[in-house]
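This is what each chain is made of:
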Amino acid sequence: MRKLSVALLIALLPVSAAYGDVLINGYFEPQFAGTILDDEFLQLNSNKLRIDLSSDLSDNITFTGNFNYINYNGHTHWNLLDFVPDKLAAFVEEESIQAYVLGYEDEDELDNAYLRLYSKVFTLTVGRQQISVGSGYAWNPTDLFNTKDILDPTYEQPGVNSLRLDIGLSTDHTMVMFYSPEDTWDKSGKLFRFLGRISHFDYALSAGQRQQIFTDFTNFHEQEERQDMLGVDLTGEILGIGCWSENAYRFMENSDDYWANVIGMDYTFSSGWYMMAEYYHNEQGGKDYNQYSFNDWMRFLTTETKTLARDQAYSYTYYPVTDLINVGGSVVYSISDNSLLLIPTCEYSVGNDVTLTFFGNIYTGKQGTMYSEDMGNGGIIRLRAYF
Amino acid sequence: MNQETCWGVIKLTIVTTSGKEREFTYESFSADKGEKNVIKYTAPVRVKGQATLMLNNADDIWAYYPRTDRIRKLATHAKKQKMQGSDFTYEDMGSGNSFVTDFDTERLDDEKTEGYSCYKIVLRQNKEGSSNYAKIVMRVIKDNFVPVVIDYYDEDDPEICKKRLTQSDIKNVDSIPTPMKMVMHNNLDDTDTKLEIIKCKYNIHIDKSRFTQRGFYR
């Protein structure tokens, strides 16, 4: 894959230069992350180069592609058992520990590459593309394809091989279908969404199906399970306050069916101060931290599942201190286990195409909770220069 | 008054209190006399492809972020938000002819402003209005009805003039007098945002799908 993507890029560069109609943009993003874990300050640095290609092949067909090149250095191998409560990980024998080490390997891959065909009635997108659905900010119960990072929920999601068809039924109604092919039709991901508007409220009805892999991390046996999903989103405002709700019911092939719901609200004051809050309920999560099993932890840490706790609250705020500086932060509270994560943020516009961002992460919960101090406190400094 | 449809390429320059400048270029589409608006950024690269759809005089706003392929519906309070940190809010850009319906008008004594003989008109928000300004004072050139200076007053304290828009370099585009340059001065922050029309066409055909969420992908 690595050789293929590099070869593709090398092949495309002279083509773009020759024809002048392939636009090459992107960004370079050096990032420094530091974490205090067991009284030791660990550093993981990365340099990411993202190259975006785009071309108007005709009046109604476009090509878009993105390559990612990421180089990691510093503390690149993390033992996931360090983040799991000691009593749950006690059974792991010394010789098996290596199996729980997560390594950050250098990456060079084709993240997205798709063709988009427009017409007055429909838009067809074919290829590897990002799929972003749902009205939630930090969590999206109707999203079958992605799990957001709570430290940075608005970061790019990896591309998904899929076919997307948007059909405009009227100015207020759209039908969207995704098909993400796998080995067989049954295993392939499917998502159907009907989007509409009533007065100032947007709504979306969703139905989907996807095969999900659950790993038993005690023996690394993987089990596939089909899940069907029905969902509904609503976004609008009440008394001038923005509000939204995203709800999904998952029908599981083997395990228990469950509900996942998000409700949220936001407001901007005259001064430009913005604040939002979200509540997340997921019946897959535990009601109390004593219910979290070893597999629950590992599935959460490897993003096989979206949460450990059943109920969480998220709030985010920012204030434009000057035209070039935004300060703010997020607070994530796990209601089920009474643990708290603070994420102060500051973004500075260094230049027209250069931003400097700082994120802190301060975990305050007791051992065994979702946002336990054992997760390690620290921060990220990220510089991003677009070209 | 806004025309039936309008398309333009606009350069927006933010001048901060420290004198630093940030430049943006966007393509603007409007229809139904400004009741429907789309703004799509073309530069700098950081925001390229980002777009905002405003319907019902910016009472309904959607923002599109191409890097995450996410569309977010914004509530009406977002009308107060600064566009890309500029001194223009979404309401300033997308409210179309709402000043006709959302405000009661009173003519004051005529004035000479920026060298033009002008009508001076004060607009006070009525009960049906959803503007974030309590009052707007316009100086309108008698010869061509172009507002040359517009003062925007605070929603909570109608005595505080928050911002002043000055329009200049008036040219005839498709026989319609059009100010090619605008400066919004923020009296509270002492910052300026300049708008310059690079290209502009009036009353052309713009496909209806442009003013839908699907239009973000165009």
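What counts and how
- Residues numbered from 1 in each chain as written.
- Chains lettered and ligands numbered in written order.
- Predicted model: local features only at pLDDT ≥ 70, side-chain atom pairs only at ≥ 80, totals over all residues.
- Heavy atoms only, no water.
- Helix = DSSP H or I, 4+ residues; strand = E, 2+ residues; numbered from the N terminus.
- Buried < 20%, exposed > 50% of the residue type's maximum accessible area, 1.4 Å probe, protein only.
- Contact = heavy atoms within 4.5 Å.
- Lys, Arg positive; Asp, Glu negative; His and termini not counted.
- Charge placed at Lys NZ, Arg CZ, Asp CG, Glu CD.
- Rg over C-alpha atoms; globule rule 2.2 N^0.38 Å.
- Areas by Shrake-Rupley, 256 points an atom, 1.4 Å probe, with all protein chains shown as cover.
- Patch = residues over 30% accessible without salt bridge, like charges linked within 9 Å, V, L, I, M, F, W, Y side chains within 5 Å.
- Salt bridge = Lys/Arg side-chain N within 4 Å of Asp/Glu carboxyl O.
- pLDDT = per-residue confidence, 0-100.
- Pairing = 2+ DSSP bridges.
- Phe/Tyr/Trp six-rings, centres within 6.5 Å; stacked < 30°, edge-to-face > 60°.
- Lys NZ or Arg CZ within 6 Å of the ring centre and 35° of its normal.
- Core = buried A, V, L, I, M, F, W, Y, C linked by side-chain atoms within 4.5 Å.
- Buried area = accessible area lost by both parts, 1.4 Å probe.
- Polar contact = N/O pair within 3.5 Å; in protein donor to acceptor, adjacent residues only side chain to side chain.

Examining the overall build of chain A
Moving on, step 1. Within chain A, the regular secondary structure consists of 3 helices and 20 strands.
Moving on, step 2. C-alpha extents for chain A along the principal axes are approximately 60 × 55 × 45 Å.
Moving on, step 3. Expressed as a percentage of its 387 residues, the buried residues of chain A come to 49%.
Moving on, step 4. When contacts within chain A are restricted to residue pairs at least 6 apart in sequence, long-range pairs at least 24 apart make up 53% of them.
Moving on, step 5. Positive and negative charge centroids in chain A, built from 24 and 53 side chains respectively, lie 6 Å apart.

Description of the overall build of chain B
Moving on, step 1. Looking only at helices and strands, one finds 2 helices and 13 strands in chain B.
Moving on, step 2. Here chain B has a C-alpha radius of gyration of 17 Å; the compact-globule value for 218 residues is 17 Å, and the two agree.
Moving on, step 3. Evaluated residue by residue, chain B yields a buried proportion of 58% over its 218 residues.
Moving on, step 4. Partitioning the contacts of chain B with sequence separation of at least 6, the portion at a separation of at least 24 is 41%.
Moving on, step 5. Element-wise, carbon and sulfur atoms account for 47% of the exposed surface of chain B, whose accessible area totals about 9500 Å².
Moving on, step 6. Charged side chains of chain B number 35 positive and 34 negative; the gap between the two group centres comes to 7 Å.

Some words on the environment of Ala385(A)
All names here are of chain A.
Moving on, step 1. With respect to the element layout, Ala385 can be found in strand E20 (residues 377-386).
Moving on, step 2. Looking at Ala385, the relative accessible area reads 26%, which means it is partly exposed.
Moving on, step 3. Sequence spacing of Ala385 and Asn352 is 33 residues, and the spatial spacing of their C-alpha atoms is 9.2 Å.
Moving on, step 4. Residues contacting Ala385, with those up to four places away along its chain left out, are Gly26, Tyr27, Phe28, Asp353 and Val354.

Concerning a negative patch on the surface
Moving on, step 1. Together, Asp38(A), Asp39(A), Glu40(A), Asp82(A), Asp86(A), Glu373(A) and Asp374(A) line one region of the surface with negative charge.
Moving on, step 2. Using a relative accessible area of 53% as the deciding quantity, one classes Asp86(A) as exposed.

Observations regarding the confidence of the model for chain B
Moving on, step 1. Mean pLDDT over chain B works out to 90, with 99% of the residues at or above the 70 mark.
Moving on, step 2. For this predicted complex, the interface confidence comes out at an ipTM of 0.87, alongside a pTM of 0.88.

A few points about the pairing of strand E14 (residues 258-268) of chain A
Regular strands have side chains that alternate between both faces of the sheet.
Residue and element names in this part refer to chain A.
Moving on, step 1. Pairing analysis gives 9 bridges linking strand E13 (residues 241-252) to E14, with the strands arranged antiparallel. Paired with Ala248 across the strands is Ala260, a residue of E14.
Moving on, step 2. In terms of strand pairing, E14 meets strand E15 (residues 274-282) through 9 bridges, oriented antiparallel. Across the sheet, the residue bridging to Asn261 is His281, located in E15.

Thoughts on the packing of aromatic side chains
Moving on, step 1. Going through the model one piece at a time under the given rule, you end up with 28 aromatic pairs over all chains.
Moving on, step 2. Between Tyr316(A) and Tyr318(A), the ring centres sit 6.2 Å apart and the planes meet at 50°, which makes this aromatic pair tilted.
Moving on, step 3. Taken together, the ring pairs connect Tyr137(A), Trp139(A), Tyr274(A), Tyr280(A), Tyr314(A), Tyr316(A) and Tyr318(A) into an aromatic cluster.
Moving on, step 4. Positioned above the aromatic ring of Tyr27(A) is the side chain of Arg384(A), whose terminal nitrogen or guanidinium carbon lies 3.9 Å from the ring centre.
Moving on, step 5. The lysine or arginine in question, Arg218(B), covers the ring of Tyr118(A), its NZ or CZ lying 5.2 Å from the ring centre.

A look at the nonpolar core
Moving on, step 1. With 43 residues, the main nonpolar core has Trp139(A), Ile150(A), Phe294(A), Leu301(A), Tyr314(A) and Val332(A) as its most contacted residues.
Moving on, step 2. Secondary structure elements with two or more residues in this core: strand E1 (22-37), strand E2 (40-58), strand E3 (61-74), E15, helix H3 (294-301), strand E16 (311-320), strand E18 (339-351) and strand E19 (354-363) of chain A.
Moving on, step 3. Among all residues touching Ile150(A), those that are not within four sequence positions of it are Ala138(A), Trp139(A), Tyr314(A), Val332(A), Leu341(A), Ile343(A) and Tyr371(A).
Moving on, step 4. Judged by nonpolar contacts, the second largest core, of 37 residues, contains Phe88(B), Tyr133(B), Met182(B) and Met184(B).

Some details on the interface of chain A and chain B
Moving on, step 1. Taken residue by residue, the interface counts 61 residues in chain A and 41 residues in chain B.
Moving on, step 2. Buried area between chain A and chain B, both sides added, is near 4000 Å², and the carbon and sulfur share of it is 42%.
Moving on, step 3. Across the salt bridge formed by Arg67(B) and Glu156(A), the nearest N and O atoms sit 3.8 Å from each other.
Moving on, step 4. Connecting chain A to chain B are 29 residue pairs in polar contact (both at pLDDT 80 or more).

Thoughts on the side chain of Asp60(B)
Moving on, step 1. Take Asp60(B): it is sitting in strand E5 (residues 60-65).
Moving on, step 2. In this structure the side chain of Asp60(B) is engaged in a polar contact, spanning 2.9 Å, whose partner is the side chain of His200(A).
Moving on, step 3. At 2.6 Å, the side chain of Asp60(B) forms a polar contact with the side chain of Asn56(B).
Moving on, step 4. Beyond its immediate stretch of four places on either side in the chain, Asp60(B) contacts Arg197(A), His200(A), Leu53(B), Met54(B), Leu55(B) and Lys73(B).

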